[in-house]
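A closer look at the structure
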Amino acid sequence: MIGRLNHVAIAVPDLGAAAAQYRDTLGAVVGPPQDEPDHGVTVIFITLPNTKIELLHPLGADSPIRGFLDKNPSGGIHHICYEVDDILAARDRLAAAGARVLGSGEPRTGAHGKPVLFLHPKDFTGTLIELEQA
Ligand code: CO
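In this numbering scheme, every chain counts its residues from 1 along its sequence in written order. Local features in this predicted model are restricted to residues of pLDDT 70 or higher, and side-chain atom pairs are both shown and tallied only at a pLDDT of 80 or more, whereas totals for entire chains, interfaces and linings draw on every residue. Side-chain numbers here rest on the full set of heavy atoms in the structure, without hydrogens or water.

Inclusion rule: UniProt positions are given in the numbering used here, feature names are shortened, and annotations may be inferred rather than shown by experiment.
In the nomenclature of an unreviewed UniProt entry, the protein chain corresponds to methylmalonyl-CoA epimerase from the organism Wenxinia marina DSM 24838. Its UniProt record gives the protein chain the following Sequence similarities (unreviewed entry) comment, quoted word for word: "Belongs to the methylmalonyl-CoA epimerase family."

A look at the pattern of salt bridges
Put simply, the test is: Salt bridge criterion: a side-chain nitrogen from Lys or Arg within 4 Å of a carboxyl oxygen from Asp or Glu. Only runs of H or I of at least four residues qualify as helices and only runs of E of at least two qualify as strands under DSSP, and these elements are numbered from the N terminus. Exposure categories follow from relative accessible area, calculated using a 1.4 Å probe and restricted to protein chains: below 20% of the type maximum is buried, above 50% is exposed, and the middle band is partly exposed.
One pass over the structure, following the stated rule, counts five salt bridges. Between E83 and R4 there is a salt bridge, and its shortest N-O distance comes to 3.0 Å. Placement of E83 in strand β6 (residues 76–84) and of R4 in the segment before β1 (5–11) is noted, with a sequence separation of 79 residues between them. The residue D123 makes a salt bridge to R100 at a minimum N-O spacing of 2.9 Å. With D123 in the loop between β8 (115–119) and β9 (129–133) and R100 in the loop between α3 (87–96) and β7 (108–109), the pair connects residues that are 23 residues apart, well separated along the chain. On the basis of relative accessibility, which here comes to 27%, the residue D123 falls in the partly exposed class. Its relative accessible area of 42% is what places R100 among the partly exposed residues. Overlapping salt bridges bring together R91, D92 and E106 as one network.

Concerning the coordination of the cobalt ion
For clarity, the threshold we go by: Sodium, potassium and calcium take a 3.2 Å donor cutoff, other metals 2.8 Å, and in both cases only N, O and S atoms count; water is not among them, so sites may look incomplete. Any coordination sphere not matching a tetrahedral pattern (four donors, all angles between 85 and 135 degrees) or a square planar or octahedral pattern (four or six donors, opposite donors over 155 degrees apart, other angles between 65 and 115) is reported as irregular.
In the first shell of the cobalt ion, the protein supplies H7 (NE2), E54 (OE), H79 (NE2) and E130 (OE), at 2.1 to 2.4 Å from the metal. Given four donor atoms and angles of 83 to 172° at the metal, the environment of the cobalt ion is assigned as irregular. Positions of the donor residues of the cobalt ion along the chain correspond to the pattern H-x46-E-x24-H-x50-E. Of this pair, H7 sits in strand β1 while H79 is found in strand β6, placing the two residues 72 residues apart along the sequence. One exposure class covers both H7 and H79, and it is buried.

Quick look at the nonpolar core
Quick reminder of the rule: The definition of a nonpolar core used throughout is a set of buried Ala, Val, Leu, Ile, Met, Phe, Trp, Tyr and Cys residues joined through side-chain atoms within 4.5 Å.
Within the largest apolar cluster, 23 residues are counted, with the highest numbers of intra-cluster contacts made by Y22, I46, I53, L55 and L131. Mapped by element, the contributors of at least two residues to this core are β1, α1 (15–25), β4 (41–47), β5 (52–58), β6, α3, β8 and β9. Per-element tally for this core: the top contributor is α1, with four residues.

What about unusual backbone geometry?
Even without glycine at this site, T125 takes up a positive phi of about 45°. Residue T125 is classed as exposed on the basis of its relative accessible area of 80%.

Thoughts on α1
Spelled out, the test is: Relevant arc is that of directions from the helix axis to the C-beta atoms, nothing else. Any two residues whose heavy atoms approach within 4.5 Å at even a single point are treated as in contact.
Those residues of α1 that sit buried are L15, A18, A19 and Y22. Angular distribution of buried residues about the axis of α1 spans 100°; they occupy a single face of the element. Residues of α1 that are exposed and angled more than 90 degrees away from the buried face: D24 and T25. Against the buried residues of α1 lie β1, β2 (29–30), β4 and β5. At the exit of α1 stands G27, carrying a positive phi of roughly 70°.

What follows is the structure, given as structure tokens:
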């Protein structure tokens with residue numbers, strides 16, 4: 001059911017420093033910061049030949065990644081995103097298998113303007129999974 005790895009998201013305490021490290025030290029193609037107020041994050045996408053890295057930084061006081069950074073002050077891998085062809089069919093199949101979909105269970109518009117859902121990390125070997133309709 002899942003397809004390509006769309007991105008790996010890394011929460012970072014200093015977005016500018018992380019972007020500069022990927023650009024200057026690792027030699028990657030680094031995009032501009034984008035504020036995503038609906039998700040409480042500012043993101044920078046780094047384009048690699050086979051996937052993307054999403055740098056995440058809290059936006060606003062109740063950002064969902066602020067607690068993660070409190071526990072991981074140097075930053076860390078926050079989630080991985082897999083592509084699916086049909087996000088509602090994927091959700092229904094996973095829910096029928098007992099997996100918990102976070103939030104209302106309805107897809108939201110993600111950072112690429114496409115529908116996304118998040119799955120409970122305790123149901124997937126401790127990994128927060130984002131599904132994005134490709
Ligand atoms: Co993501």
